[in-house]
Amino acid sequence: MGFIQDALDDGEAVVVAVPQDKASLLRAEIRNEDAVRYVDTEAVAHHPGRLIAAWQEWLREYAAQGRPVRGVGESPWDKVRSPAEAQELRYHEWLLNKAFAHGPAWWLLCPYDIAHDDAALTEMARCHPELRQDGRTTPCDDYAPKGPYRFTPLTDPCDPCDPYEEFAYSSGDLSALREKISACAQLHGLTGRRLRELHLAATEVATNSTRHGGGHGELRTLSKDS
């Protein structure tokens, strides 16, 4: 509240990108809604990269008006469906520092519930150059601006106990890869639009793996019994 009110007192623009329930709490306290833009982050919970482009658009808009910008950005952590998805949200917050490193100056505050366990807070802290608590801002020792993002290893695509077929492919095997997918989809009753969407997604992933992942990849398909 104090962060937003300080911005309003100084005539700064404020963008609040938070889940809808948090926005409702803020609206109850901040009556001057015309000075604050609210954005529901639940709409991009599963596509966090879209927020970077949105922040860029808002900054350009207010920069054209000559107004400083403050932002509040909270990811919808309660909508996370898996550890891998949580990592994508954290990675997005780390990427924000890279995306705006050479742009106009602005201030983004990412609120966190300190009821999270220590491991989760440590992971979040390394994505932010500064920490703010009780009105004080201090540098974050865990943030390494020049180092690469440290990804947590993903789980195996298939349980080793489940029967599956493995197909190794290279750049010339996309047609064969789609045939493998069609055969697996037929076993599991997947047809029509959903099958076309699966073909598109798998082709995109396979193309990226051959272009940027060493020229090859592996497809694993589960049997009917699994």
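Here the residue numbers are simple positions, counted from 1 along each chain's written sequence. Note on the predicted model: pLDDT of at least 70 is required for a residue's local features to be given, and 80 or more for side-chain atom pairs to be given and counted; whole-chain, interface and lining totals, by contrast, use all residues. Neither water nor hydrogens contribute to the side-chain values; these are computed over all heavy atoms in the structure.

A few words on empty space enclosed by the protein. The pocket and cavity definitions rest on a 1 Å grid over protein atoms only: a 1.4 Å probe that fits but cannot leave marks a cavity, an open set with protein on both sides within 12 Å along at least five of seven lines marks a pocket, and residues lining either have an atom within 4 Å of a point. Grid points are joined across faces, edges and corners, and a volume is the space filled by probe spheres set on the points. Counted according to the given criterion, the structure contains one cavity of 30 Å³ or more. Surrounding the largest cavity, Ala17, Thr41, Leu51, Trp55, Gly73, Glu74, Ser75, His92, Glu93, Leu96, Leu108 and Cys110 form its lining. Each helix is a run of H or I in the DSSP string that is no shorter than four residues. Each strand is a run of E no shorter than two, and both are numbered from the N terminus. Going through the elements one at a time, helix H3 (50-64) and helix H4 (83-99) are the ones with two or more residues in the lining of the largest cavity. The biggest single contributor to the lining of the largest cavity is H4, with three residues. In this count, Pro and Cys sit with the nonpolar residues alongside Ala, Val, Leu, Ile, Met, Phe, Trp and Tyr, while Asp, Glu, Lys and Arg are called charged and the others, Gly among them, polar. Here the lining of the largest cavity is composed, by residue class, of six nonpolar, four polar and two charged.

Definition used for salt bridges: Asp or Glu carboxyl oxygen within 4 Å of a side-chain nitrogen of Lys or Arg. Applying the stated rule across the entire model yields nine salt bridges. Across the salt bridge formed by Glu123 and Arg90, the nearest N and O atoms sit 3.9 Å from each other. With a gap of 33 residues between them, Glu123 in helix H5 (residues 118-125) and Arg90 in helix H4 connect regions that are remote in the sequence. Burial here depends on accessible area, computed with a 1.4 Å probe over protein chains only, as a share of the maximum for the residue type. Under 20% is buried, over 50% is exposed, and the range in between is partly exposed. The partly exposed category is assigned to Glu123, whose relative accessible area is 23%. Overall, the relative accessible area of 12% leaves Arg90 in the buried class. A salt bridge links Arg126 to Glu123, with the nearest nitrogen and oxygen atoms 2.9 Å apart. Among the charged side chains, a network of salt bridges with common partners joins Arg90, Glu123 and Arg126.

Another aspect to go through is the environment of Arg90. Distance from Arg90 to Pro163, taken between C-alpha atoms, is 33 Å for residues 73 residues apart in sequence. Every residue in contact with Arg90, bar those within four places of it in the chain, is listed here: Trp77, Glu123, Met124, Cys127 and Tyr149. Contacts are assigned to residue pairs with any non-hydrogen atoms lying within 4.5 Å of each other.

Contact pair helix H6 (residues 174-187) / helix H7 (residues 192-212): the axes reach a minimum separation of 10 Å and the direction vectors enclose 140 degrees. Classed by the angle they form, the pair H6 and H7 counts as oblique. Where H6 crosses over H7, the two elements pack in a sense that is right-handed. Facing H6, whose interface residues are Leu174, Leu177, Arg178, Ile181, Ser182 and Ala185, H7 presents Leu195, Leu198, His199, Ala202, Thr203, Ala206 and Thr207. Think of each axis as a best-fit line through the C-alpha atoms, taken over the contacting stretch in the case of a helix, with angles from 0 to 180 degrees between the N-to-C directions. Throughout this description, any angle smaller than 35 degrees is read as roughly parallel, any larger than 145 degrees as roughly antiparallel, any in the 65 to 115 degree range as roughly perpendicular, and the remainder as oblique. For a crossing to be left-handed, the near helix must be turned anticlockwise from the far one by less than a right angle; the clockwise case is right-handed.

Here the focus is the sheet that holds strand S3 (residues 69-73). The strand order S2-S1-S3-S4 describes an open sheet built from four strands, whose pairing is parallel. Each end of this open sheet is capped by a strand with a single partner; those strands are strand S2 (36-40) and strand S4 (107-109). On average, adjacent strands in this sheet sit at an angle of 15 degrees to one another, irrespective of strand direction. Pairing of S3 with S4 involves three bridges; the strand directions are parallel. The rule for pairing is simple: two strands pair if DSSP sees at least two bridges between them.

This paragraph deals with the layout of surface pockets. Here the largest pocket defines a volume of roughly 1300 Å³. Leu108, Leu109, Cys110, Pro111 and Arg132 are, among the 39 residues lining the largest pocket, the residues nearest its centre. Elements that contribute at least two residues to the lining of the largest pocket include exactly helix H1 (2-9), helix H2 (20-29), H4, S4, H5, strand S5 (130-133) and strand S6 (136-139). Per element, the largest residue contribution to the lining of the largest pocket is four residues, and it comes from S5. Classifying every residue of the lining of the largest pocket gives 26 nonpolar, seven polar and six charged.

With that settled, consider H7. A helix is expected to span 1.5 Å multiplied by its residue count minus one. Compared with the 30 Å implied by 1.5 Å per residue over 21 residues, the 30 Å span of H7 between its first and last C-alpha is a close match. Residues of H7 that are buried: Leu195, His199, Ala202, Thr203, Ala206, Thr207, Ser209 and Thr210. Along H7, the residues classed as buried sweep out an arc of 160 degrees about the axis, all on the same side. Every exposed residue of H7 that faces more than 90 degrees away from the buried side is listed here: Arg193, Arg194, Leu200, Val205, Arg211 and His212. As for H7, its buried residues are in contact with strand S7 (164-170), H6 and strand S8 (216-222). A positive phi of about 100 degrees marks Gly214, the residue just after H7. This arc is built from the directions going out from the helix axis to the C-beta atoms.

From the geometry alone we can't say anything about function, so treat these as descriptive.
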